[in-house]
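Descriptive structure summary
Chain by chain, the residues run as shown.
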Amino acid sequence: MTSFKQKVFAIVKKIPAGKTLSYGEVAKRTGNKKAARAVGAVLKTNYDPAIPCHRVIRSDGALGGYNRSIARKNNLLIKEGYKSSPTKHI
DNA sequence: CATTTGACGCCAA
DNA sequence: TTTGGCGCCAAAT
């Protein structure tokens, strides 16, 4: 368990319901604002249900990905009140 | 130990 | 506006 993972988990777990953070934002909080990719890599390798990784999306507004089905992530976000608008033109 | 991959982000054309 | 390419980081193989 690296401290980077610990930070990412702590940050993601602290995301309030109905809110979303971009990978870049999470990366910033870990200390490496350019580590957005690393954040995704960590979330992908971690299958802990305590981590609401579905609240972590891309800075473009795209959902990014999910452990099993992206549809599940989208569904959860909608349930929490987040309108997934894939407006690629930000 | 070194190399490759990837749930990203931003800039340029 | 859309598409392509480059840069950065950590984990997995």
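Residues numbered from 1 in each chain as written. Chains lettered and ligands numbered in written order. Predicted model: local features only at pLDDT ≥ 70, side-chain atom pairs only at ≥ 80, totals over all residues. Heavy atoms only, no water.

1. Structural notes on the protein's contact with DNA strand C
We count it as follows: One heavy atom within 4 Å of a molecule or strand is enough for the residue carrying it to be called near that molecule or strand. What qualifies as a polar contact is a pair of N or O atoms within 3.5 Å, subject to a donor-acceptor requirement within protein and to the restriction that residues adjacent in sequence count only when both atoms come from side chains. Only DSSP runs of H or I reaching four residues or more are called helices, and only runs of E reaching two or more are called strands; each is numbered from the N terminus.
DNA strand C sits among 11 residues. The nearest are Thr2, Asn32, Arg37, Ala38 and Thr45. Close to the protein, within 4 Å, the atoms of DNA strand C are drawn from sugar and phosphate at a rate of 68%. In the model, a phosphate oxygen of DNA strand C is placed 2.4 Å from a nitrogen or oxygen of the Thr2 side chain. At 2.6 Å, a side-chain N or O of Arg37 approaches a base oxygen of DNA strand C. For the surface near DNA strand C, the secondary-structure elements that each account for two or more residues are helix 1 (3-13) and helix 3 (36-45).

2. What about the protein's contact with DNA strand B?
We apply this condition: Ten residues, namely Ala, Val, Leu, Ile, Met, Phe, Trp, Tyr, Cys and Pro, are considered nonpolar, four, namely Asp, Glu, Lys and Arg, are considered charged, and the remaining ones, Gly among them, are considered polar.
In the region of DNA strand B, 15 residues are neighbours, and Tyr23, Arg37, Lys44, Arg58 and Asn67 sit closest. Close to the protein, within 4 Å, the atoms of DNA strand B belong to sugar or phosphate groups at a rate of 44%. Contact between DNA strand B and Tyr23: a base nitrogen at 2.7 Å from a side-chain N or O atom of the residue. At a separation of 2.9 Å, a phosphate oxygen of DNA strand B approaches a polar backbone atom of Ser59. Within the surface near DNA strand B, the residues separate by chemical class into 5 nonpolar, 6 polar and 4 charged.

3. Some points on helix 1
For clarity, the cut-off: Three labels apply to residues, based on accessible area from a 1.4 Å probe with only protein chains included: buried if under 20% of the type maximum, exposed if over 50%, partly exposed otherwise in between. What the arc describes is the spread of directions from the helix axis to the C-beta atoms.
Residues of helix 1 that are buried include every one of Phe4, Val8, Phe9, Ile11 and Val12, and no others. Projected down its long axis, helix 1 shows its buried positions confined to an angular sector of 165°, all on one face.

4. Let's talk about the environment of Thr20
Within the element layout of this structure, Thr20 appears in the loop between helix 1 and strand 1 (21-22). A residue is classified by how much of its surface remains accessible, and Thr20, at 24% relative accessible area, is partly exposed. As for Thr20 and Ile57, which are separated by 37 residues in sequence, their C-alpha atoms are 6.8 Å apart.

Geometric descriptors of this kind do not, in isolation, establish any biological role.
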